[in-house]
Amino acid sequence: SRRSTQSVRYRFDFRAAMRCYITLALATAALEGSPTGKVIQLLSSLQAKITAEGEREQKQFEEYVQWCEDNAKEKQHELKNSAESQDSLEAVIEKAKSDIATTESRIEDLSASISQNEADLDEAKAVRKREHGEFVARDREMAETQDMLERAIQVFKKQMAGLVQVNQASVKQLVNTVTVLMEAPLVAGSSKSKLQAFVQQQEDAKDGEEMEETGDSSGGLQAVLDTLEDLLEKAEAQRSKSTKDETEARFHFDMLKQSLDDELKTENKEISGARKSLASYKETLASATKDLEENKKDASSDQDTLSHLQLDCMQTASDHEASVQGRAEELKALGEAKRVISEMTGGASSKAYGLVQMQSATKAGSINQVVSSLRSVGKSTGDVAVSLLASEINSAAMSGTTDDVFAKVKGLIRDMLERISEKAKADAKEHEWCTKTTAETEAKQDDHESEIAALTSKADKAKSAIAKANQRIATLEAELGELSRMQADMDKARTEAHANYLESKQDYEAGIEGVQTAIKVLKDYYGQSFLQQPSVSSHSASEGGASGIIGLLEVAESDFSKLLAETEADERAAQADYEAQTKANEISKAEKKTSLKYKRKAQAETEKVLEDLKSDRDSEQSELDAVLDYYSGIKKRCVAQPEPYEERKRRRDEEIAG
């Protein structure tokens, strides 16, 4: 990392400087070669060794503590991420379960609705089939009855017009015809009574006797004829109503069938989509459940690792504290031993080893040895201050007396050590500032870079959402345009079809009115002649031809009425289809407009969010640039050193040792 490659300023151990000062101050005792002096020298060396070991151990412990903190933070961060992931996965699982339950319930509802609609459709088809069969049978029966009535009316009219001789055969034919008609369901009530009276009257007459040509006989025939004509008119009206009812029933069935077919189509499509969604939700649930189990295992493993790490670090800290305490006690014992030896063995050593007699010669040799050592250290380390110190000591030795030479030497060395100590403290303070400031700056840099990365990711997602929204908006606008075009085409086609219907209706109604008028005119004219039989040979109404013409006109009237009914039924069906489709288009159009409105609103909000994200990212980038500029200045101050800390420490140790 950047921190591992950064050169740092070193710290100078003031206690090591003091040990060097004490060692130099006791140079006379070492030069005199007394056993107590050697003991003090050995004790000092042992103290220096123990102190150096303590410093190394302290440095290792500090690095270990930093390692513990870094690993603990890393594991805690991983545990935090695991907890967040676990919450997110649990939310996904709950949502998937909710979606599955909702979708399964929807599938059940759709299945029940589909089954019900299919049953309703089958029932409607069965009812329609039965109704149509009943209509066909009823229409066939009514057509036969109508045909029988028309033939009976023709026979009666011929009898009354005198076109057929009234004899036993003709009377029997009339009776048989009336008897058959009496069995028809249409004949009931007073009509049936009149026909029964006619049949009974004829059965009471003598066999073979011709029908009397009296007014009473003609009146009886006319009454029967009127009854038959009323029955024919009623039969035609009932048949027309039956046809109209059948047309309406077929129309209602077609509408119901179309509605059920549309519902089934929509529900089948919806249930197919619901089943696909259900499979997707189950897949999401399985994946999230698996990920949650793995996440819990990883979190448990990280928690165990963190617990062991904390225990190990606490145990190591406890061991280090015991080591520091033991080292302090050992140094205290060594210092106490040196104090006792220095204070209590001075007189005995002086007497035993004759230090007073050899003091002068020994001091001079010792000064020369100190000067030589200092010059050697200054030359090897390249430190001008040490070389200057050697020159000052030499000058002091040459200019001063023997008694105060060592006092001056001690003073010069003390001053030198103080300068070194002050410089070491300044270097240590600078190193501490560099380490703290670098760590804080790098943390700020990491925070800004993480925030920029997060903002960039959010901005990319917002761009993607905007692109999808634009695509959906374009699709909705195209669909709305297609709906408008389709509705315009439907309006135009409906207008044209309605105009055609009005024209056809007018033509059929005019045709029916014309036929009915013609029938009335013919019946009014020929009806009078049907009641009289000409007595002389002269021009008479052509009753036979007139009957055929009236029959054809009545057929035409029936056809026109049937076509008018079918046209009206078709118009109603077309209008209903048009209104249903128009309503569906309006609903779809409203839904799409609403969706388009909210899509545009969401797009505008997303664009606003994107602008805010860009602004936040630019702000973060500006802050990051400022942090990088500041960090560059820190590196120039703390990293760009002429020599590394280890080299400077080694050189200073040599100075102190010298």
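Thresholds applied
Residues numbered from 1 in each chain as written. Predicted model: local features only at pLDDT ≥ 70, side-chain atom pairs only at ≥ 80, totals over all residues. Heavy atoms only, no water. Helix = DSSP H or I, 4+ residues; strand = E, 2+ residues; numbered from the N terminus. Buried < 20%, exposed > 50% of the residue type's maximum accessible area, 1.4 Å probe, protein only. Contact = heavy atoms within 4.5 Å. Areas by Shrake-Rupley, 256 points an atom, 1.4 Å probe, with all protein chains shown as cover. 1 Å grid on protein atoms, 1.4 Å probe; cavity = no way out; pocket = protein on both sides within 12 Å on 5 of 7 lines; lining within 4 Å. Points joined across faces, edges and corners; volume = space filled by probe spheres on them. Phe/Tyr/Trp six-rings, centres within 6.5 Å; stacked < 30°, edge-to-face > 60°. Lys NZ or Arg CZ within 6 Å of the ring centre and 35° of its normal. Salt bridge = Lys/Arg side-chain N within 4 Å of Asp/Glu carboxyl O. Core = buried A, V, L, I, M, F, W, Y, C linked by side-chain atoms within 4.5 Å. pLDDT = per-residue confidence, 0-100. Patch = residues over 30% accessible without salt bridge, like charges linked within 9 Å, V, L, I, M, F, W, Y side chains within 5 Å. Lys, Arg positive; Asp, Glu negative; His and termini not counted. Charge placed at Lys NZ, Arg CZ, Asp CG, Glu CD.

So, about the overall build of the protein chain. Along the backbone of the protein chain there are 13 helices and 0 strands. Along the protein chain, helices (α) and strands (β) appear in the sequence α-α-α-α-α-α-α-α-α-α-α-α-α when read from the amino end. Looking at the protein chain as a whole, 31% of its 658 residues qualify as buried. In the protein chain, of all internal contacts separated by at least 6 residues, the share reaching a separation of at least 24 is 87%. In the structure as shown, the protein chain presents an accessible area of about 40,400 Å², 53% of it carried by carbon and sulfur atoms.

Moving on: the layout of surface pockets. The method is simple in principle: a probe with the dimensions of a water molecule rolls over the atoms, and the space it marks as empty is what remains. Empty space within the second largest pocket amounts to approximately 1,400 Å³. Gln146, Glu236, Glu554, Glu557 and Ser558 are the residues nearest the centre of the second largest pocket, which is lined by 49 residues in total. Only helix 4 (35-161), helix 7 (215-344), helix 11 (402-530) and helix 12 (543-638) provide two or more residues apiece to the lining of the second largest pocket. For the lining of the second largest pocket, the element with the highest residue contribution is helix 7, accounting for 17 residues.

Scanning the model with the defined rule gives 1 aromatic pair in all. In this structure, Lys597 is placed above the aromatic ring of Tyr598, and the distance from its NZ or CZ to the ring centre is 6.0 Å.

One pass over the full model with this rule turns up 18 salt bridges. One salt bridge connects Arg128 with Glu246, and the closest N-O pair in it is separated by 2.9 Å. Separated by 118 residues along the polypeptide, Arg128 in helix 4 and Glu246 in helix 7 bring together distant segments of the chain. Residues Arg128 and Glu246 agree in their burial class; the two are buried. As a salt-bridge pair, Asp612 and Lys608 come within 3.1 Å of each other at their nearest N and O atoms. You can see Asp612 and its partner Lys608 sitting in helix 12, 4 residues apart, about one turn around the helix. A cluster of three or more residues bridged by salt bridges with shared partners is formed by Lys75, Glu78 and Asp302.

Bringing the nonpolar core into the picture now. Ranked by internal contacts, the top residues of the largest apolar core, which has 16 residues, are Ile93, Ile107, Ile271 and Leu285. At the level of elements, helix 4 and helix 7 are the ones that each hand at least two residues to this core. Contact partners of Ile93, with chain neighbours within four places excluded, come to Leu285, Ala288, Thr289 and Leu292. Core analysis: the next-biggest nonpolar cluster, separate from the first, contains 11 residues, Leu228, Leu231, Leu232 and Ala235 among them.

Inspection of the secondary structure puts Met142 in helix 4. Note on Met142: relative accessible area 13%, which makes it buried.

In this section: the environment of Asn585. Here Asn585 lies in helix 12. Given a relative accessible area of 7%, Asn585 falls into the buried group. With 99 residues separating them along the chain, Asn585 and Met486 place their C-alpha atoms 9.0 Å apart. Once you skip the residues sitting within four places of it in the chain, Asn585 turns out to touch Leu483, Met486, Gln487 and Met490.

As a further point, take the confidence of the model for the protein chain. On average, residues of the protein chain carry a pLDDT of 76, and 67% of them reach 70 or more. Confidence scores differ between elements of the protein chain, with helix 1 (residues 2-5) showing the lowest mean pLDDT of 36 and helix 4 the highest of 86.

The next subject is the side chain of Arg494. Among the secondary structure elements, Arg494 is positioned in helix 11. Residue Arg494 is classed as buried on the basis of its relative accessible area, which comes to 8%. Setting aside anything within four residues of it in sequence, one finds Arg494 in contact with Glu571, Ala574, Gln575 and Tyr578.

For the rest of this paragraph, the subject is the environment of Leu292. Relative to the helices and strands, Leu292 is located in helix 7. Each C-alpha atom of the pair Leu292 and Gln86 lies 6.1 Å from the other, and the pair is 206 residues apart in sequence. Leu292 has contacts with Gln86, Leu89, Glu90 and Ile93, leaving out every residue within four places of it along the chain.

Turning to a negative patch on the surface, a few remarks are in order. Where like charges cluster on the molecular surface, the negative patch consists of Asp446, Asp447, Glu449, Glu451, Asp616 and Asp618. Only helix 11 and helix 12 provide two or more residues apiece to the negative patch. Among the elements that make up the negative patch, the one with the highest residue count is helix 11 (4 residues).

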